[in-house]
Amino acid sequence: MKKKSFKCAIIWFLIFVIFTALVKFIDIADIGPEGSIVGFAKLNGFVRDLTNTSDLWYKITQICGYMGLLIAACFALAGVMQLIKGKSLYKVDYRIAAMGVYYVIVLAFYAAFMFVVINFRPVIMEGEGLESSYPSSHTMLALTVVYAFMIFCGYFKKSKYKLLLNVICYLFMAITVFGRILSGVHWFTDIRGGVLLSVAIINTYEPLCSAAEALWAKHKA
């Protein structure tokens, strides 16, 4: 396979960091619940007032999130089964092993932004108080898992179903992103930040596969 580097991932991570800094310090105003501070207040307030909230879109995006978790669980199960059967990490398909490291990166960012608060949600969910909402972890999980799934499938021989699969995956990601905006449970910049972070993480998967392939080949030599 063609070797990939982490250069694109680093560039996109830097873009995400710059955008996050802008969200934290540009056009700050207390337009959130309980007077919580929000960056890009005019833009975020305009989108919030335009879309309001939608239980339907919230439920649809929740389902998309569960489907993404199901895909991740299938890869994890496949990796564990190959490990048990082969009794060695090197008996696991290197692309699946790389996927495991990839998921660790995703979960690390998911956990980190539970404690690093940039924005709080524009609404208070039932039974909850103020919740950190930047970046949209739901968006990040859906995009990173589904796009990596597309890349993984692309490593194999072309199939007459490949185009259909890609269309379904892109539609799934579009529904998640726009549906999350329409649901009203995130600020617009939460979604934008989630997309930028997702692109950065996505660009780590192919380099991870290249590194794993080289390591697996070295072990067999």
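Preceding block: the structure.
*Asks:* So what about the pattern of salt bridges? Which residues, and what values?
*Replies:* Inspection of the entire model under this criterion finds 4 salt bridges. Where Arg95 meets Asp93, a salt bridge forms, and the shortest distance between an N and an O atom there is 3.0 Å. A single burial state applies to Arg95 and to Asp93, both of which are buried. Arg121 serves as the salt-bridge partner of Glu131, at 3.3 Å between the closest nitrogen and oxygen. With Glu131 in the loop between α4 (94-115) and α5 (137-154) and Arg121 in the loop between α4 and α5, the pair connects residues that are 10 residues apart, well separated along the chain. Taking relative accessible area as the criterion, Glu131 reaches 23% and is therefore assigned partly exposed.

*Asks:* How would you sum up the nonpolar core? Please name residues and give values.
*Replies:* Of all hydrophobic cores here, the largest spans 31 residues; its most connected members are Met99, Tyr102, Tyr103, Tyr134 and Tyr205. Counting residues per element, the ones that place at least two in this core are α1 (7-25), α3 (55-86), α4, α5 and α7 (188-220). Residues within four places of Tyr102 in sequence aside, it is in contact with Thr144, Ala148, Ile201, Ile202, Thr204, Tyr205 and Leu208. Core analysis: the second largest hydrophobic core is formed by 12 residues, Val47, Leu143, Cys169 and Met173 among them.

What counts, and at which threshold
Residues numbered from 1 in each chain as written. Predicted model: local features only at pLDDT ≥ 70, side-chain atom pairs only at ≥ 80, totals over all residues. Heavy atoms only, no water. Salt bridge = Lys/Arg side-chain N within 4 Å of Asp/Glu carboxyl O. Buried < 20%, exposed > 50% of the residue type's maximum accessible area, 1.4 Å probe, protein only. Helix = DSSP H or I, 4+ residues; strand = E, 2+ residues; numbered from the N terminus. Core = buried A, V, L, I, M, F, W, Y, C linked by side-chain atoms within 4.5 Å. Contact = heavy atoms within 4.5 Å.

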